[in-house]
Protein chains: 2
Amino acid sequence: MNTGRAGQAGRRGERELLARLRRELARQTIQPAAAVPFGDDMAALDPADPRLLWTTDMLMDGVDFRSAEHGWFDVGWKCMAVNLSDCAAMAARPVGALCAVALSNALTMDDALRLLQGLRECGEQYGCPLVGGDTNSWDQPTVIAVTVAGRIDPGTPPVLRSGARPGDWVYVTGPVGGSILGRHLHPCPRVREALEISRTLAPAAMIDISDGLAIDLSRVCEESGCGADLDATRLDAAVHEDAHRLASQTGRTAREHALEDGEDFELIVVLRAPPPDADRKRFGLLPLGRMVAEAGLFLRVADGSRAPLIPRGWEHFC
Amino acid sequence: MNTGRAGQAGRRGERELLARLRRELARQTIQPAAAVPFGDDMAALDPADPRLLWTTDMLMDGVDFRSAEHGWFDVGWKCMAVNLSDCAAMAARPVGALCAVALSNALTMDDALRLLQGLRECGEQYGCPLVGGDTNSWDQPTVIAVTVAGRIDPGTPPVLRSGARPGDWVYVTGPVGGSILGRHLHPCPRVREALEISRTLAPAAMIDISDGLAIDLSRVCEESGCGADLDATRLDAAVHEDAHRLASQTGRTAREHALEDGEDFELIVVLRAPPPDADRKRFGLLPLGRMVAEAGLFLRVADGSRAPLIPRGWEHFC
């Protein structure tokens, strides 16, 4: 939620408009509950029930998926999964979902049913039934907006972006980069892992990787008022094999793909102390580095030197 | 929620697709709480909290509004208002809203801020803060999906579409028809009235008039397993002056406009007995007729004769 996508275009004016709108939305918004700050992955739904959170994400044909290439089942799955990934980021247990669609008139009945099936099956996989929606059609490309509510388990706080402190340890729940080679079509949000990690390790902060490891970690840094030192050797050990394959096609490095590719939907997990080995293995946690007092992202290489890490496409996110 | 719009086109294939999808959604859906049946104006959000409901509505430029003619503030207002009208229909007190948008790249910053302002001001007017969202942009027409949660007040049940019985009395909260002459741009959902009516008169059924008095009353009939006899004289007394003005332009009758025009956002209120005069006046309730055992809508004229009422554009809604 609230991260938005500027599409393929990524024009500067467009990015500025989106950033300004998000600032205005944050400024003008009456916060119903102080438990969750504006702009985290989910929002508090109801002051009477601070454990209940919700999120919405809209996906557009030609921007977030390409119906000419992707099957409608996968599109539906993805639309549900990106919302469930927001639940994972806050360690919220999914409760239910609504879906509003504007279907292109070019869709066949089978296309539409497959879309619905993808939405439904992904939701069921994560205990999140689709309980209603709004179905429309038009002559333009298909747009799908899913809203998911989730509940924080009793005894655990919601895990925010803003809880990291200098000295904390940064992990990722799995290797990242190169998801565009296929994984991005069928994301498996880390909902169950997040609930277990929250219960077992009481993380200081979490975020899901939707826009890229570097950008999403930057968001944790900004919200937490600190920075992060990534260890180059450890980072290289967290590069997905798809990032290596992609690098051989793009001429960029696998590390760049790991830092900058979006739609991995792994979680960045910030812990006050390294977890016990058994937990680290059980959750597939890969260490990346430490949080530091200095704002920004930095890469520390084997000789101990340290350079600012400015990912391509980086912008100040609000 | 769940009524959908087939746009200006209203093509048969398109309507069939939407109807089929709604049936599939209803069939495949796991109902989290029995309190509210699938396909009512709102859905139950969480089995743990059966008083909490939610709804979503998506509005598309060129279908539900025309950005070339309508101001963006009004568009924002309307997008929020149609969701709040669903709250009114179930006598739910709005709690908060999320908004996901795909903004056309043709929008200026001022346009986008006015849209946000309209959403926000309408929400505030009805005690429904905008607490988060998802902001995107693309090269296609603007799409806006608002999700609203609402809570049923303690001591009152949610008012369903399905509670009407033969012999019940049918009212509307205000004159209807001809909203396209201007009222449709700034709808005032009957949220406060609905809460008071629910508390005072314990209505058997309610629905908001989004698609037209006849179609929306048909939905109450279908869900309740009965029909309705409308009294022609009373119906004519509930025709809005805009319906008369519009009739002089369209060549149709004012009564037809009252029955068939959408976007009035008054409530149809079904009561077991006529309300006390003081309540009737206080809520602006206009009598229309009675519920009957025979399925369908009927018009009863002064001589006592009775004819089926098949509104133009009627279809079997699921």
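Quick caveat, the model's predicted, so the values are computed rather than measured.

Undergrad: How should I be thinking about the confidence of the model for chain A in this particular structure?
TA: Do not read the fine detail of predicted coordinates wherever pLDDT is low. Residues and elements named next belong to chain A. The share of residues in chain A with pLDDT of 70 or more is 89%, and the mean pLDDT across the chain is 89. Contacts for the low-pLDDT stretch residues 2-10, under 50 throughout, to residues beyond four places or in other chains number 40 contacts. If you check the scores for this complex, the pTM reads 0.90 and the ipTM reads 0.89.

Undergrad: What is the right way to look at the packing of aromatic side chains in this model?
TA: What characterises a pair of aromatic rings is the spacing of the ring centres plus the angle enclosed by the ring planes. Taken as a whole and judged by the stated rule, the model has four aromatic pairs over all chains. Judged by centre distance (5.8 Å) and plane angle (70°), the rings of Phe65(B) and Trp72(B) are edge-to-face. A residue is classified by how much of its surface remains accessible, and Trp72(B), at 7% relative accessible area, is buried. Over the ring of Trp169(A) we find Arg290(A); its NZ or CZ atom is 3.7 Å from the centre of that ring.

Undergrad: It is not clear to me how the pattern of salt bridges should be interpreted in this structure. Could you clarify?
TA: Once the charged atoms of two side chains with opposite charge are near each other, the side chains can pair. All names here are of chain A. Following the criterion strictly, the structure yields 50 salt bridges over all chains and no others. Put simply, arginine 161 and aspartate 41 hold a salt bridge, and the shortest N to O gap is 2.9 Å. Placement of the pair is arginine 161 in the loop between strand 5 (143-152) and strand 6 (169-172) and aspartate 41 in the loop between helix 1 (12-28) and strand 1 (43-44), with a sequence separation of 120 residues. Note on arginine 161: relative accessible area 5%, which makes it buried. Across the salt bridge formed by aspartate 168 and arginine 272, the nearest N and O atoms sit 2.5 Å from each other. Taken as a pair, aspartate 168 in the loop between strand 5 and strand 6 and arginine 272 in the loop between strand 9 (267-271) and helix 9 (277-282) lie far apart in primary sequence, 104 residues in all. Here the residues in one salt-bridge network are Arg183, Asp242, Arg245 and Asp264, joined through shared partners.

Undergrad: How should I be thinking about the relation of the copies chain A and chain B in this particular structure?
TA: Both copies of the chain are placed relative to one another by a rotation about an axis and a shift along it. Taken as rigid bodies, chain A and chain B are interconverted by a rotation of 180° and an axial shift of 0.0 Å, the fit giving an RMSD of 0.0 Å. What the rotation and shift describe, once combined, is the action of a two-fold rotation axis. Interface overlap between copies is the fraction of interface residues in one copy that are interface residues in the other; for chain A against chain B it reaches 99%, indicating a shared surface.

Undergrad: Looking at this structure, how should I read the interface of chain A and chain B?
TA: Accessible area lost on assembly of the parts is the figure often given for the size of an interface. Contact with chain A, which involves 76 residues of that partner, is made by 75 residues of chain B. At the boundary of chain A with chain B, total buried surface from both sides reaches about 5,900 Å², with 67% on carbon and sulfur atoms. At the boundary of chain A with chain B, the tally comes to two salt bridges. Notably, a salt bridge pairs Arg151(A) with Asp46(B), separated by 2.2 Å at the nearest N-O pair. Counting across the chain A and chain B interface gives five residue pairs in polar contact (both at pLDDT 80 or more). Among the elements that make up the side of chain A that touches chain B, the one with the highest residue count is helix 1 of chain A (10 residues).

Undergrad: In this structure, what is going on with unusual backbone geometry? I would like to understand it.
TA: Comment: phi is negative for the bulk of residues other than glycine, and the bulk of peptide bonds are trans. Residue and element names in this part refer to chain B. We note that alanine 202 has phi near 40°; this positive angle belongs to a residue other than glycine. If you trace the backbone, alanine 202 turns up in the loop between helix 4 (191-201) and strand 7 (205-208). The class for alanine 202 is exposed, based on a relative accessible area of 54%. The phi dihedral of phenylalanine 265 falls on the positive side, at around 65°, and the residue is not glycine. By the secondary structure assignment, phenylalanine 265 is in the loop between helix 8 (254-260) and strand 9 (267-271). Residue class for phenylalanine 265 comes out buried when judged on its relative accessible area of 3%.

Undergrad: How should the environment of Gly174(B) be read in this particular structure?
TA: Residues and elements named next belong to chain B. Relative to the assigned elements, glycine 174 resides in the loop between strand 6 (169-172) and helix 4. We classify glycine 174 as buried; its relative accessible area is 4%. Discounting residues that sit within four places of it in the chain, glycine 174 has contacts with Glu266, Gly284 and Leu286.

Undergrad: Just to check I follow, could you spell out the environment of Gln117(A) for this structure?
TA: Residue and element names in this part refer to chain A. Its location among the elements puts glutamine 117 in helix 3 (residues 109-125). Residue glutamine 117 is classed as partly exposed on the basis of its relative accessible area of 22%. Each C-alpha atom, one on glutamine 117 and one on phenylalanine 73, is 6.3 Å from the other, the two residues being 44 residues apart in sequence.

Undergrad: Looking at this model, I keep getting lost on the side chain of Glu260(B). Mind explaining?
TA: Relative to the helices and strands, Glu260(B) is located in helix 8. Note on Glu260(B): relative accessible area 19%, which makes it buried.

Undergrad: When you look at the sheet that holds strand 9 of chain A in this model, what are you seeing that I'm missing?
TA: The strands that make up a sheet are held in pairs by hydrogen bonds between backbone atoms, and each pair lies either parallel or antiparallel. Residue and element names in this part refer to chain A. In space, the seven strands of this open sheet follow the order 7-9-6-10-8-11-12, with mixed pairing throughout. The open sheet has two free edges, formed respectively by strand 7 (205-208) and strand 12 (306-308), since each of these has just one partner strand. Ignoring which end each strand starts from, the neighbouring axes of this sheet average 25° apart. Taken together, the four bridges between strand 6 and strand 9 define a ladder with antiparallel strand orientation. By the bridge assignment, tryptophan 169 is partnered in strand 9 with leucine 271. Where helix 2 (residues 72-89) meets the sheet, its contacts fall on strand 7 and strand 9, and the angle it forms with strand 7 comes to roughly 170°.

Undergrad: It is not clear to me how helix 4 of chain B should be interpreted in this structure. Could you clarify?
TA: In an α-helix, one turn spans 3.6 residues; hence positions three or four apart end up facing the same way. Residue and element names in this part refer to chain B. Of the positions making up helix 4, those classed as buried are Val191, Ala194, Leu195, Ile197, Ser198 and Leu201. Elements in contact with the buried residues of helix 4: helix 2 (72-90), strand 3 (92-104), strand 7, strand 9 and helix 9 (277-282). Two residues or fewer after helix 4 comes alanine 202, characterised by a positive phi angle close to 40°.

Undergrad: Please explain the packing of helix 2 of chain B against helix 3 (residues 109-125) of chain B as it appears in this structure.
TA: Packed helices, taken two at a time, are described by their axes: the angle between them and the distance between them. Residues and elements named next belong to chain B. It is the contact of helix 2 with helix 3, at a shortest axis distance of 6 Å, that shows an interaxial angle of 35°. With respect to the hand of their crossing, helix 2 and helix 3 are arranged in right-handed fashion. Contact with helix 2, carried on its side by Trp72, Phe73, Val75, Gly76, Trp77, Cys79, Met80, Ala81 and Leu84, involves Asp111, Arg114, Leu115, Gln117, Gly118, Leu119, Glu121, Cys122, Gly123 and Gln125 of helix 3 and no other residues of that element. Here the residues of the contact of helix 2 with helix 3 are counted per class, giving 11 nonpolar, five polar and three charged.

Undergrad: Whenever I open this one, the sheet that holds strand 4 (residues 130-138) of chain A confuses me. Can you help?
TA: Residues and elements named next belong to chain A. The sheet built from five strands is open, its strands ordered 1-2-5-3-4 with mixed pairing. A single partner strand is all that each edge strand has here, and the edge strands are strand 1 and strand 4. Sheet topology note: the strand 3 (residues 92-104)/strand 5 ladder contains 10 bridges and is antiparallel. Opposite alanine 100, over in strand 5, you have alanine 145 as the bridge partner. Against the sheet, helix 2 contacts strand 2 (52-60), strand 3, strand 4 and strand 5, and its axis sits at roughly 35° relative to strand 5.

Undergrad: It is not clear to me how the pairing of strand 6 of chain A should be interpreted in this structure. Could you clarify?
TA: The two faces of a sheet get side chains in turn, since along a regular strand they alternate between them. In terms of strand pairing, strand 6 of chain A meets strand 10 (residues 286-292) of chain A through four bridges, oriented antiparallel. By the bridge assignment, Val170(A) is partnered in strand 10 of chain A with Gly289(A).

About the thresholds
Sequence order as written defines residue numbering, which begins from 1 separately in each chain. Following the order in which they are written, the chains are lettered starting with A and the ligands numbered starting with 1. Local features in a predicted model are, by the rule used here, given only for residues with pLDDT of at least 70; side-chain atom pairs are given and counted only at 80 or more, and totals for whole chains, interfaces and linings are based on all residues. As a convention, hydrogens and water are excluded, and side-chain values are obtained from all of the structure's heavy atoms. Scored from 0 to 100, pLDDT records how confident the predictor is in each individual residue. Whether two residues are in contact is decided by their heavy atoms: any pair within 4.5 Å suffices. Aromatic contacts are taken between Phe, Tyr and Trp rings whose centres are within 6.5 Å, Trp giving its six-membered ring; a plane angle under 30 degrees counts as stacked, one over 60 as edge-to-face, and the others as tilted. Summary of the burial criterion: residues with accessible area below 20% of their type's maximum are buried, those above 50% are exposed, and those between are partly exposed, where the area comes from a 1.4 Å probe applied to protein chains only. In this analysis the charged atom, NZ for Lys or CZ for Arg, is taken to sit over a ring once it is within 6 Å of the ring centre and within 35 degrees of the ring normal. In the sections that follow, a salt bridge refers to a side-chain nitrogen of Lys or Arg positioned within 4 Å of a carboxyl oxygen of Asp or Glu. Numbering of helices and strands starts at the N terminus; helices are DSSP runs of H or I of at least 4 residues and strands are runs of E of at least 2. When the copies are superposed, the least-squares fit draws on C-alpha atoms of residues that have pLDDT of at least 70 in both. Put simply, buried area is the surface a 1.4 Å probe can reach on two separate parts but cannot reach once they are joined, added for both. Here a polar contact is taken to be a pair of N or O atoms separated by no more than 3.5 Å, where protein atoms must pair a possible hydrogen donor with a possible acceptor and residues adjacent in sequence count only if both atoms sit in side chains. Any two strands with at least two DSSP bridges between them are considered paired. Only C-alpha atoms enter the line fits that serve as axes; for helices the fit covers just the stretch in contact. Angles between N-to-C directions range over 0 to 180 degrees. Note on convention: near helix rotated counterclockwise from far helix by under a right angle means a left-handed crossing. Clockwise means right-handed. Residues were grouped as follows: Ala, Val, Leu, Ile, Met, Phe, Trp, Tyr, Cys and Pro as nonpolar; Asp, Glu, Lys and Arg as charged; and all remaining residues, including Gly, as polar.

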